[in-house]
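Listed below are the residues making up each chain.
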Amino acid sequence: MSYFKHYSPFIKLAYFSLLVNFILRIVLMFHPITQSDFSILQIVKIFGFGLINDIAFFIVIGVFLWLYLLFLSDSKYNKPWGYVIFGVLLIVLVYISFFNTILNEYGGSLPEVVISFVAIKTLFFGLLLFLPKYRNAIRKALFFITVFIYVLLIVQNAVSEFFFWNEFGVRYNFIAVDYLVYTNTVIGNIMESYPVVPLFLTVGLVAFTITYFIVKQSRPFLRHLPDLSTKLKGAVLYVVLFFLSLQLIPAMAQRESDTNVFANELQANGAYKFYSAFMSNELDYDTYYPSIPKSEAFTVLQNQLPGSKNESTLRTLQNDSAEIRKNVVLITVESLSEDFMTEFGNEKHITPFLDSLAQHSMQFTNLYAVGNRTVRGLEAVTLCLPPSAAESVVKRKDNKNKFTTGAIFKQKGYAVKYMYGGDAYFDNMEDFFGGNGYDIIDKKTFQPNEISFSNIWGVCDEDMYRKAIREMNKEAAQNKPFFNHIMTVSNHRPFTYPEGKIDIPADKKSRSGGVKYTDYALGQFFKEAQKQPWFKETVFVILADHCASSSGKTELPLEKYRIPAMVYAPGFIQPKHVTTLMSQIDVMPTLFGLLNFSYDSKFYGQDIFDATYKPRAFVATYQDLGMIKDNVLTVLSPVKKVKQYQLTLEPKANVKPEFQSVYLEKPILKQQEDLINETIAYYQTSAYLLRHQKLNR
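Because the structure is predicted, anything quoted here is derived from the model rather than measured. (Residues numbered from 1 in each chain as written. Predicted model: local features only at pLDDT ≥ 70, side-chain atom pairs only at ≥ 80, totals over all residues. Heavy atoms only, no water.)

Peer 1: Describe the pattern of salt bridges, listing the residues and the values that go with them.
Peer 2: Here the structure, examined in full by the defined rule, presents 30 salt bridges. Put simply, Glu311 and Lys294 hold a salt bridge, and the shortest N to O gap is 3.2 Å. Of this pair, Glu311 sits in the loop between helix 17 (294–304) and strand 1 (315–317) while Lys294 sits in helix 17; the two residues are 17 residues apart in sequence, bridging distant segments of the chain. Assessed through its relative accessible area of 28%, Glu311 is described here as partly exposed. (Salt bridge = Lys/Arg side-chain N within 4 Å of Asp/Glu carboxyl O. Helix = DSSP H or I, 4+ residues; strand = E, 2+ residues; numbered from the N terminus. Buried < 20%, exposed > 50% of the residue type's maximum accessible area, 1.4 Å probe, protein only.)

Here it is in structure tokens:
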């Protein structure tokens, strides 16, 4: 077929990719960790279905290569089109380089990446346009680089899959996704575990050699580029194959149903497994983490949650005092590390309002965030359960009709809202809160005259707070108590905010500026709230969603998880420091206790002032699940690993004892089985109850 003849580089790369995957399957099949025998039928499925998977997946990911080959031509450099195209590229380059675009709004390295790409594209198009004598040589060099990138990715993926299988005995799963999230930690681990330099040099040399032979055999293609008619015929064929492959790939994944797990894994395409893990957001607890008999796990849990029975956390919490139906405003502040506040040792004084408010609040000085993403903080204060492996419940498909703090307020006759200055579609917040009975106020609900400043994340905190005040006035006019959960956005890269508000210029785009503006906006909110008739009947809960940074020397560096939190309600909540060890999941149950609420609870979180509370806290990454108790950090990790660390306080100078927060984590040689079983019980049972929808309303 003429298409295959004229697009031989694409076919050659496809053959190479299929050959690499075939060899990889054989290597993995005979790997020592693959402790299984395979029947003839299973072998046929592994290599037959595997071949179909690999062909379909290459057709899909090869779209960029195909487009590159499609647009190779000499005619586009003819007058006047060559000059028109070059002029457009120059205009785009100037615009994104010197004018304010959405790239600048986002900040980070994105503008530099896009500018570099457009600059390189413009440069080489100009060279090909103005140096026709060298066009073939330049094109050949660019062709070599393009093919090399594809070959390198194919080889590198095979090597990565081998090492992943070597450790976990499966194709890519959410742990691999996690590795991309924690790049610095993973790279450090790889550098310490493997001979990285020789390995990378070998991979590079192999890729270079393969590329050389593919390019050498593609010279006829480069000398005689396909004409327009051939390209159009090829385009029709490729589009048909592309969309067929999109349907075929997930259909083949559903055929991975053998009782032999290794057979299913070998049959699969590893790269698609990575994509699937990224989209599904789950990591099965029983498969990857240490466990104990289910009955024993729930028995251990019942000792921690008095009143719960059988395979459940359901229990009745009865308060003998009259319920106090005050309004509640919960403010989760983006990336508010404890060490931004003066009491925790900060000397820059970038949180003057929060420092002042803390003096008039009940302040929890030993509280730990469960994770290091916003969705983890939202999950903790809404569902009040330990963090799950892989992704937060907020981002999962089965995230609706859960037992939530909002549901408790609704039972008590409250109006319940979630307020967010950005688009609540982000991070699946709209789906989660809307699916759990919250009314949602986000950027889409703002009128143009309600927005004074916005960036890629949404309206500035001042605008959000002004909107919140208006909503609360409407709610108060209905003579109905309200619960409003506000999520801030301004303390987030690119750290832009309205000029003239604080003494740090907005164009500096610094973390300190983002923190100080966030603090300023919160102060303006309270200044305005104090003027409202509902203020004296309202309890304000302010805490961070997570810290600004999570990297450290250990899997779970505790100094990167402790966050500030306070409850402010003049005349109702007496100011004091509460040093009890607690988790983010305990904040709302503790508030319910302060309001004397009686209710049936499915929460893992507890009222820390209850006599039955046994201090502990939960901290986690996407794969490491930890519990702090009795000055010991217990960490559960995939491949059923358990580590324990003895925690020793390392005092900071000029910080009061109740605000000390830096711990030295020393590995424990003789592990404490009771703490290990308790940690397992919390995480194993919560995974079980979520999977079987027993934490629904």
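Peer 1: Quick one: what's the story with the sheet that holds strand 19 (residues 663–667), residue by residue and with numbers?
Peer 2: Read from one edge to the other, the open sheet built from five strands follows the order 15-16-17-18-19, with strand pairing classed as antiparallel. Two strands lie at the open edges of the sheet, namely strand 15 (617–620) and strand 19, each paired on one side alone. Taking the axes of each pair of neighbouring strands and ignoring which way they run, one obtains an average angle of 25 degrees across the sheet. For strand 16 (residues 625–629) and strand 17 (residues 632–637), the ladder comprises five bridges, and the chain directions are antiparallel. Residue pairing in the sheet places Gly626 in a bridge with Val635 of strand 17. Set on the sheet, helix 25 (residues 673–691) makes contact with strand 15, strand 16, strand 17 and strand 18 (641–649); between it and strand 16 the angle comes to about 130 degrees. (Pairing = 2+ DSSP bridges. Axes fitted to C-alpha atoms, helices over the stretch in contact; angles between N-to-C directions. Contact = heavy atoms within 4.5 Å.)

Peer 1: Lay out the pairing of strand 18 with the relevant residues and their values.
Peer 2: One ladder, built from six bridges, connects strand 17 with strand 18; its direction is antiparallel. Considered in strand 18, the bridge of Val632 is made with Gln646. Counted between consecutive antiparallel strands, the loop separating strand 17 from strand 18 contains three residues, among which Val639 sits at a positive phi close to 65 degrees. Sheet topology note: the strand 18/strand 19 ladder contains five bridges and is antiparallel. From the neighbouring strand, Tyr645 faces strand 19, where its bridge partner is Pro667.

Peer 1: An account of the packing of helix 2 (residues 8–29) against helix 8 (residues 135–168) is needed here, citing residue identities and associated values.
Peer 2: Where helix 2 contacts helix 8, the axes come no closer than 10 Å and their chain directions differ by 10 degrees. Judged on the interaxial angle alone, helix 8 and helix 2 are roughly parallel. Read as a crossing pair, helix 2 and helix 8 show a hand that is right-handed. Within the contact between the two elements, helix 2 uses Pro9, Leu13, Phe16, Ser17, Val20, Leu24, Val27 and Leu28 and helix 8 uses Phe143, Val147, Tyr150, Val151, Ile154, Val155, Ala158, Glu161, Phe162 and Trp165. Partitioned by chemical class, the residues of the contact of helix 2 with helix 8 number 16 nonpolar, one polar and one charged. (Parallel < 35°, antiparallel > 145°, perpendicular 65-115°, else oblique. Left-handed = near helix turned anticlockwise from the far one by under 90°. Nonpolar A, V, L, I, M, F, W, Y, C, P; charged D, E, K, R; others polar.)

Peer 1: Tell me what's going on with the packing of helix 22 (residues 461–477) against helix 23 (residues 511–529), and back it up with residues and numbers.
Peer 2: Remark: helix 22 packs on helix 23, axes separated minimally by 9 Å, with the N-to-C direction vectors making an angle of 25 degrees. Relative to helix 23, the element helix 22 lies roughly parallel. Crossing of helix 22 against helix 23: the hand is right-handed. On helix 23, the residues touching Asp461, Glu462, Tyr465, Ile469 and Met472 of helix 22 are Tyr517, Thr518, Tyr520, Ala521, Leu522, Gln524, Phe525, Glu528 and Ala529. Its residues assigned to classes, the contact of helix 22 with helix 23 shows nine nonpolar, two polar and three charged.

Peer 1: Account for the side chain of Ser686, naming residues and giving values.
Peer 2: Tracing the chain through its elements places Ser686 in helix 25. Its relative accessible area of 3% is what places Ser686 among the buried residues. A distance of 3.0 Å separates the side chain of Ser686 from the backbone oxygen of Tyr682, its partner in a polar contact. (Polar contact = N/O pair within 3.5 Å; in protein donor to acceptor, adjacent residues only side chain to side chain.)

Peer 1: How would you summarise the pairing of strand 16 if you had to cite specific residues and measurements?
Peer 2: The element strand 16 is largely enclosed, with a buried count of five among its five residues. Adjacent in sequence and paired antiparallel, strand 15 and strand 16 are bridged by four residues. The antiparallel pairing of strand 16 with strand 17 creates a hairpin that spans two residues between the two strands, and Asp630 there sits at a positive phi of about 55 degrees.

Peer 1: Talk me through helix 4 (residues 63–70); I want residue IDs and the actual numbers.
Peer 2: Buried residues of helix 4: Val63, Leu65, Trp66, Leu69 and Leu70, and no others. All buried residues of helix 4 project into a common sector of 160 degrees when viewed along the axis, lining one side. (Arc of directions from axis to C-beta.)

Peer 1: Would you mind going over empty space enclosed by the protein in detail, with residue names and values included?
Peer 2: What the rule picks out here adds up to three cavities of 30 Å³ or more. Considering only enclosed or pocket space, the largest cavity measures out at about 60 Å³ in volume. As for the largest cavity, its lining consists of Leu383, Leu385, Lys402, Phe403, Lys602, Phe603, Leu690 and Leu695. In terms of residue class, the lining of the largest cavity is built from six nonpolar, no polar and two charged. (1 Å grid on protein atoms, 1.4 Å probe; cavity = no way out; pocket = protein on both sides within 12 Å on 5 of 7 lines; lining within 4 Å. Points joined across faces, edges and corners; volume = space filled by probe spheres on them.)

Peer 1: Provide a residue-level description of the packing of aromatic side chains, including the pertinent values.
Peer 2: Using the criterion set out here, one finds 50 aromatic pairs in the structure. Plain terms: the ring middles of Phe22 and Phe47 are 5.4 Å apart, the flat faces sit at 55 degrees to each other, and that makes the pair tilted. Of this pair, Phe22 sits in helix 2 while Phe47 sits in helix 3 (residues 40–61), placing them 25 residues apart in sequence. Taking relative accessible area as the criterion, Phe22 reaches 42% and is therefore assigned partly exposed. Considering the side-chain rings of Phe409 and Phe483, the 4.3 Å spacing of their centres and the 15 degrees angle between planes classify their relative orientation as stacked. Of this pair, Phe409 sits in helix 20 (residues 405–411) while Phe483 sits in strand 9 (residues 482–487); the two residues are 74 residues apart in sequence, bridging distant segments of the chain. Given a relative accessible area of 0%, Phe409 falls into the buried group. (Phe/Tyr/Trp six-rings, centres within 6.5 Å; stacked < 30°, edge-to-face > 60°.)

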